[in-house]
Amino acid sequence: MATPVSKLLEIPRSRPPCPARGIVALLAILISLAPGLTSVHLAIAEDAPEGLPELSSVQDKTRGIGDDERDAYFQLLDYAAAGDYKQQQAVAEKNLANFEQQFYDNQKLALEKDPNGPRYRFSLYADMLKNPQAYRGQLVPLQGHVRRVEEMPIIDGDVDLGVAYQAYLFTEDSRTHPYIIVCREVPPGMPRGGDVLEEVAVTGYFFKLYAYDAQDAVRIAPLLIAQRIEWFPRQEPAPVISPFWGSVVATVALLILIAFLWRISAKDRRIRQERLRKMTDDATPFSPPES
């Protein structure tokens, strides 16, 4: 398991990014996800939603949030928190369908040129790694499980802006590679910490490809900013009958068993008495033999 991503807003401003190592890690991830991508894919996103913060200063494959990115980061965090969540979900589903359709349209064009070329299935995770510019500021839906949910302070310089939550989200197509989710809300009662396993859904805006230190190397993960995390707690199996009726059934069953045993015992006593009576009636008086 990778070590935690540094608190995004507590990384020193003087720390330089390391794009070379990040690119190496990115290539390793892309190779491991090769069945889900193709080099011909150039996803075309819809026009930016009204009021969406300007994100042209955002740089991919860098550690932390750089000076040029901070305003965009804070603005997008506020923008996501203030939006209509149902509308965000609808837009995210539409965006996902558009990205997938564009992927297969491009693959079809490639196969027309080379009928023997490779055929790939669409992977949102791999496509996002390969085409971050196309996804920048776009809403996408995710569903999977989180393995880490931590509260983190939101600090802009010396100003404390409250707290947000940071989570590692793993989906079916990301396999062992996480998305990093930053949001303002988590459901009450949802487990938090560095060792959780909870089913969730997230609708978030893609911000950047974020470089972080894992145990073995610098890795790259998509960083999404969302309004909230939707939690699907594990349901305990419902009892077949309620406790009250369970006790009633148990009591009735016990009474039936007692009555059955009593009846058998009474019958057994009658049989023994009947045998004893017959033995008594059939018995002949004892008389000594004649001498």
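Each chain carries its own residue numbering, running from 1 in the direction its sequence is written. Only residues with pLDDT of 70 or above have their local features reported here, since the model is predicted, and side-chain atom pairs are shown and tallied only from 80 upward, although totals for entire chains, interfaces and linings are computed over all residues. Only hydrogens and water are set aside; all other atoms, that is, all heavy atoms of the structure, feed into the side-chain values.

**Points about the overall build of the protein**
- In this description a helix means any DSSP run of H or I spanning at least four residues, a strand means any run of E spanning at least two, and both kinds are numbered starting from the N terminus. Scanning the protein from terminus to terminus reveals six helices and seven strands.
- Taking all 291 residues of the protein together, 41% fall into the buried category.
- Counting only contacts in the protein whose residues sit at least 6 apart along the sequence, the fraction spanning at least 24 positions is 73%.
- All accessible-area figures derive from a Shrake-Rupley calculation using a 1.4 Å probe, and residue coverage is judged against the displayed protein chains alone. Summing over all exposed atoms, the protein offers an accessible surface of approximately 17,100 Å²; the carbon and sulfur share of this is 57%. The buried label goes to any residue with under 20% of its type's maximum accessible area, the exposed label to any with over 50%, and the partly exposed label to all in between, with areas taken from a 1.4 Å probe on protein chains only. A contact between two residues is defined here by any heavy atoms of the two lying within 4.5 Å.

**Topic: the nonpolar core**
- Of all hydrophobic cores here, the largest spans 32 residues; its most connected members are Tyr135, Tyr179 and Ile181.
- With five residues, the top contributor of residues to this core is strand β5 (residues 198–213).
- Membership of the second largest hydrophobic core comes to 27 residues, among which are Met152, Ile180, Leu223 and Ile225. Only buried Ala, Val, Leu, Ile, Met, Phe, Trp, Tyr and Cys residues count toward a nonpolar core, and they belong to the same one when joined by side-chain atoms within 4.5 Å.

**Here's the deal with the UniProt feature "transmembrane region" (unreviewed entry) in the protein**
- As annotated by UniProt and renumbered to match this structure, "transmembrane region" (unreviewed entry) occupies residues 244–262.
- Across residues 244–262, the secondary structure splits into 100% helix and 0% strand, with the terminal C-alpha atoms separated by 27 Å. UniProt positions are given in the numbering used here, feature names are shortened, and annotations may be inferred rather than shown by experiment.

**So, the environment of alanine 167**
- Its place among the elements puts alanine 167 in strand β3 (residues 159–171).
- Looking at alanine 167, the relative accessible area reads 1%, which means it is buried.
- Residues alanine 167 and arginine 147, 20 residues apart in the sequence, show an inter-C-alpha distance of 7.5 Å.
- When residues no more than four places from it in sequence are discounted, the contact partners of alanine 167 are Val146, Arg148, Val149, Tyr179, Ile180, Ile181 and Ile229.

**A word on helix α2 (residues 70–82)**
- In this model α2 runs 18 Å from its N-terminal to its C-terminal C-alpha over 13 residues, within 8% of the 18 Å that 1.5 Å per residue would give.
- Buried positions along α2 lie against α3 (85–113), β2 (139–156), β3, β4 (179–185), β5 and β6 (218–228). Expected span of a helix, by definition, is 1.5 Å for each gap between consecutive residues, and there is one gap fewer than residues.

**With respect to the pairing of β4**
- For β4, the buried fraction is high: five of the seven residues fall into the buried class.
- With five bridges connecting them, β3 and β4 associate as antiparallel partners. Note that in β4 the partner of alanine 167 across the bridge is isoleucine 181.
- For β4 and β6, the ladder comprises five bridges, and the chain directions are parallel. When the bridges of β6 are listed, isoleucine 181 appears paired with leucine 224. Only strands joined by at least two bridges in the DSSP assignment are considered to pair.

**Details of the confidence of the model for the protein**
- Values of pLDDT, which run from 0 to 100, indicate the predictor's confidence residue by residue. Looking at the protein as a whole, the pLDDT averages 81, with 76% of positions reaching at least 70.
- Segment residues 8–46 is flagged for pLDDT under 50; beyond a separation of four residues in sequence, or across chains, it makes 98 contacts in the model.

**Digging into the pattern of salt bridges**
- Salt-bridge detection follows one rule: a side-chain nitrogen of Lys or Arg within 4 Å of a carboxyl oxygen of Asp or Glu. Counted under the stated rule, the structure contains ten salt bridges.
- With a shortest N-O distance of 2.8 Å, aspartate 213 and arginine 63 are connected by a salt bridge. In this pair, aspartate 213 is assigned in strand β5 and arginine 63 in strand β1 (residues 62–63), connecting sequence segments 150 residues apart.
- Classification of arginine 63 by relative accessible area gives buried; the value is 18%.

**Observations regarding a positive patch on the surface**
- A surface patch of positive charge is lined by Arg263, Lys267, Arg269 and Arg270.
- Residue classification places arginine 270 among the exposed residues on the basis of a relative accessible area of 51%. Only residues above 30% relative accessible area that lack a salt bridge enter a patch, with like-charged residues linked at up to 9 Å and the nonpolar side chains Val, Leu, Ile, Met, Phe, Trp and Tyr linked at up to 5 Å. By the counting rule applied here, Lys and Arg register as positive and Asp and Glu as negative, while His and the ends of each chain are not counted. One atom stands in for each charge, and that atom is NZ of Lys, CZ of Arg, CG of Asp or CD of Glu.

**Looking at unusual backbone geometry**
- Its identity is not glycine, yet lysine 61 carries a phi of approximately 60 degrees, on the positive side.
- Relative to the elements of secondary structure, lysine 61 occurs in the loop between α1 (19–32) and β1.

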